[in-house]
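# Architecture at a glance
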Amino acid sequence: MRISILSAAFCALAGFASIPALAVEPAAIVRTYSDIALAGYEDSLTTAKALDAAVDALIARPSPETLDAARKAWIAARVPYQQTEAFRFGNAIVDEWEGRVNAWPLDEGLIDYVDANYGTESDSNPFYAANVIANTKVGAGSDEVDAATITPEVIQSLQEIGGSEANVASGYHAIEFLLWGQDLNGTGAGAGSRPATDFDTVNCSGGHCERRAEYLKAASDLLVADLEEMVANWKEGGEARKAIEGDPAAGVSAILTGLGSLSYGELAGERMKLGLLLHDPEEEHDCFSDNTHNSHYNDIVGINNVYHGRYVRVDGSVVEGPSLAGFVREKDAAVADEMDAKLAATLKAAEAMKARAETKEAYDQMIGEGNADGNAVVQAVIDGLVAQTRSLERVIASLNLGDVTIEGSDSLDNPDAVFQ
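One structure accompanies this document, and this report is about it. Quantities reported herein were computed from a predicted structural model and do not represent experimental measurements.

### Points about the pairing of strand β2 (residues 137-140)
Relative to strand β3 (residues 143-146), β2 runs antiparallel, the two being bridged by four bridges. From the neighbouring strand, Val 138 faces β3, where its bridge partner is Val 145. With antiparallel pairing between neighbouring strands as the criterion, β2 and β3 make up a hairpin whose turn holds two residues, including Gly 141 at a positive phi of roughly 60°.

Structure (structure tokens):
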């Protein structure tokens, strides 16, 4: 993930040692946090396995119907995963792992065929148009990969090959590209439109159909394996759970770091404001599938889950417990009211964006140049995220916390730099 970081640290003289005994204690808050993380990653794993089964069906019987089913399974898998993104910032174990499953944007020419307008080379990426599916061996300089058989291990070796973050070979977005293909519509209507015959070895439309199916299956299997790893990290005795629960005071600081960094630098800045400034559909998160509105919406739901200590699982059951919201309310009811109101306002703005995408126009059209109404809908979500971050700063101050760092973004903090 490419992030411009401008840290804002909030320091205070007093820490948790000065806080009297309260009904909601830090140890209980971080326990709830861990339980919700585990449930979210378990749901992500469950839906990734359903996607894997749909991929198997597509490969076995390529048709418009099995391709559509695989696409729907991918969209369903994004819902719980995006709600886990609030666990990324503040947790080194998650942040170091995240790029394997959710890195973007990607130079899709690394993986498969692309439109002629894509070009054949890039000064910054020697693997820009390597096309692993069409070539059994790819290399540049000292980096060479034998891809005679495309396996999860081969895909892992391609991830960020040549030191380029744009070489995204694994995860949700690599699978998304293989299921939809490039979205060549710019800010016009329409998503990617890869035909099912791209996977049909008998009536192959895109060439190398057997290898394309091989790549898709390997990438799907790898996603399942990566999610299994993160589930284990949040189970009892898992490294992520031990890290957050071992020092509850530091754990609460980590939670606040995660909420602030996702709200401000990552979501409001890098994922939303940058694309709006540039009016560039290449900057939308789920760009091949036109699913970006759901991606952003579920990030915001995930922020609410963590703050309020409540998560609704994909089967409808609820995981909940002592929360940061309750802790803040015991310390300063006015700040708690403010934070609740700001979170609710952002969620309402995100719901309006989601409704517009489902009834009027896709997210890439909303950010298009000259679309004043669409731009305003996206900007309202950005404004909400910025406002809730300002309230979160007051939460941090009311709790007398030190060592909380919120990531920033040039898109918000220095927009002129975006155009340089």
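### A closer look at the nonpolar core
Tyr 41, Leu 179, Tyr 215, Trp 234, Leu 256 and Leu 324 are the most contacted members of the largest nonpolar core, which has 116 residues in total. Residues within four places of Tyr 215 in sequence aside, it is in contact with Ile 111, Val 132, Ile 133, Ile 150, Ile 155, Ala 169 and Leu 178.

### What to know about the state of the cysteines
All chains considered together, the criterion is met by one disulfide. At a sulfur-sulfur separation of 2.0 Å, the disulfide partner of Cys 204 is Cys 209. The sign of the 90° torsion about the S-S bond sets the Cys 204-Cys 209 disulfide as right-handed. Overall, Cys 209 belongs to the buried group, its relative accessible area being 2%.

### Thoughts on unusual backbone geometry
In this model, Trp 104 is joined to Pro 105 through a cis peptide bond whose omega is -15°. Examined against the element boundaries, Pro 105 turns out to sit in the loop between α3 (92-102) and β2. Positive phi values are uncommon outside glycine, yet His 208 reaches one of about 60°. Along the chain, His 208 falls in the loop between α5 (172-180) and α6 (209-234). A relative accessible area of 42% places His 208 in the partly exposed class. Here the phi dihedral of Asp 290 falls at roughly 55°; this positive angle occurs in a residue that is not glycine. You can see Asp 290 is positioned in the loop between α8 (248-278) and α9 (292-308).

Conventions and cut-offs
- For every chain, the first residue of the written sequence is number 1, and numbering continues from 1 onward in sequence order.
- Only residues with pLDDT of 70 or above have their local features reported here, since the model is predicted, and side-chain atom pairs are shown and tallied only from 80 upward, although totals for entire chains, interfaces and linings are computed over all residues.
- Where side-chain values are given, they derive from all heavy atoms of the structure, hydrogens and water being excluded.
- Note on pairing: DSSP must find at least two bridges between two strands before they are called paired.
- Secondary structure elements follow DSSP: runs of H or I of four or more residues count as helices, runs of E of two or more count as strands, with numbering from the N terminus.
- In these notes, a set of buried Ala, Val, Leu, Ile, Met, Phe, Trp, Tyr and Cys residues joined through side-chain atoms within 4.5 Å is what counts as a nonpolar core.
- Partly exposed residues are those whose accessible area sits between 20% and 50% of the maximum for their type, while under 20% is buried and over 50% is exposed, using a 1.4 Å probe and protein chains only.
- The criterion used for residue contact is that any of the two residues' heavy atoms lie within 4.5 Å.
- In this description, the term disulfide denotes a pair of cysteine sulfurs within 2.5 Å.

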